[in-house]
Amino acid sequence: MDNLTTENAPAAPRRLHPAVILTAFALLLGFLALIAWGLNRSMSGPIRTGDTVPAIQLVTFDGKMINTQDYAGKVIVLNFWASWCKPCEQEAAELEEAFQIFKDSGDVVFLGLAYVDTEPKSLEYLQKFGVTYPNGPDLRTTVSQMFRIRGVPETYVIDTQGKLAYAQIGPFESTAQIVSIIQPLIRK
Amino acid sequence: MELQNAMSRTIRTGLLITLAALALGLGALLASGAKPVLAQQPTPSDNEVNRVAKQLYCPVCENIPLDVCPTQACAEWRELIRLKIADGWSDEQIKDYFALQYGDRVLAEPPRRGLNWLVYILPPVFFLGGALILYSVLRKMRAPVGQAAPAAQPQTPDNGDPYLRRVEEELKNKD
């Protein structure tokens, strides 16, 4: 009778070691967490009007280091452009004119960032349009990613409190338009 | 008439001198072993530029390798590659420069650092895992029918016989 109970009994199914199961679950969870982190990062929205703009660093084409933290209390006009961008040419002269208007007041800082451009062509462009305010490449597209720009030209105006006051998508129509955006921010 | 003869003599003499000069020049060229002159190729050549450009992607357009990208911006980047090659930069130096300027996304092959390692590690791991699972399933499928038969038997060995079940229970109680 013993044979009846032991020999014919079905073999118990082989079970995985708990450590293997735990490791598999930990790996799966880690992978999912990684995907969630990546999605969260890519879905985080651009800087909106009224949001505080993080400090921006850039190295100008002539090697000068610029940090927007040094311009606290001033209005900052941040223009993204590229030498291969035709619409950028429409506003290049206007931006320079606006810069000349505010240059001596010391209340407004104009900064240009060349978006995915080559240095020789950028320099040619700056010379062609007589741009004299500080300009530099957007290295590794760090700043343009911060603003999540969709193209060039785009211009962001930061108020004296360091908050984004205005975003211009596409070229400015005239110098007067640029001045009208900046002027009220200085008076604040 | 004399004037005409003088003029034709002068022309003939001039022609002879010109032909002699040409023959001399040609002879000098052949003697010096001069090679035929071909149209100037841009330095470095397009092939050299494209060798590097195909390892990079357009930073503006989506998923277009730089060597086949038709935009003006891409043409400028290819010219930049040409300049760098002319300056004696290696392929790696040019790729590093592009990554520094425009970010890692321009590289056809992600650099082996940080989270990028997942791109290199996960596919072989998943492939090996899949192969192991497939192997184990196939091994089970190939198992002889005689070995698999006991598993199909009912859990209780009494085959539904109430007498045998009672015997089993009594034996258990005896233990």
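Placed above this text is the structure.
A. Inspection of the pattern of salt bridges at higher detail. Tallied over the entire structure, the rule returns 9 salt bridges over all chains. The residue A:Glu89 makes a salt bridge to A:Lys86 at a minimum N-O spacing of 3.6 Å. In this pair, A:Glu89 and A:Lys86 both sit in helix α3 (residues 86-102), 3 residues apart, roughly one turn of the helix. When its relative accessible area of 53% is taken as the criterion, A:Lys86 is described as exposed. A salt bridge links B:Arg82 to B:Glu79, with the shortest nitrogen-to-oxygen separation between them at 3.3 Å. Here B:Glu79 and B:Arg82 lie together in helix α3 (residues 72-86), a separation of 3 residues that amounts to about one turn. Accessibility expressed as a relative area gives 13% for B:Arg82, which makes it buried. Overall, the relative accessible area of 39% leaves B:Glu79 in the partly exposed class. The network of salt bridges with common partners includes A:Arg140, B:Asp104 and B:Arg113.

B. Layout of empty space enclosed by the protein. Residues and elements named next belong to chain A. Within the structure shown, the criterion is met by 1 cavity of 30 Å³ or more. Every residue along the wall of the largest cavity is listed here: Asn79, Trp81, Cys88, Glu91, Ala92, Leu95, Tyr125, Leu126, Val131, Tyr133 and Asn135. Elements represented by at least two residues in the lining of the largest cavity include exactly β3 (75-81), α3 and α4 (119-128). Of all the elements, α3 adds the most residues to the lining of the largest cavity, at 4 residues.

Cut-offs and rules
- Along every chain, residues carry numbers that run from 1 in the direction the sequence is written.
- Going through the entries in the order they are written, you letter the chains from A and number the ligands from 1.
- Selection of residues for local features in this predicted model requires a pLDDT of at least 70, selection of side-chain atom pairs for listing and counting requires 80 or more, and totals for whole chains, interfaces and linings are taken over all residues.
- In computing side-chain values, all of the structure's heavy atoms are included and hydrogens and water are not.
- By salt bridge we mean one thing: a side-chain nitrogen of Lys or Arg within 4 Å of a carboxyl oxygen of Asp or Glu.
- Secondary structure elements follow DSSP: runs of H or I of four or more residues count as helices, runs of E of two or more count as strands, with numbering from the N terminus.
- A 1.4 Å probe rolled over the protein chains alone gives each residue an accessible area, and that area as a share of the maximum for its type sets the label: buried under 20%, exposed over 50%, partly exposed in between.
- Cavities and pockets were defined on a 1 Å grid built from protein atoms only: a cavity is a group of points that admits a 1.4 Å probe but offers it no way out, a pocket is an open group of points flanked by protein on both sides within 12 Å along at least five of seven lines, and a lining residue is one with an atom within 4 Å of any such point.
- Grid points are joined across faces, edges and corners, and a volume is the space filled by probe spheres set on the points.

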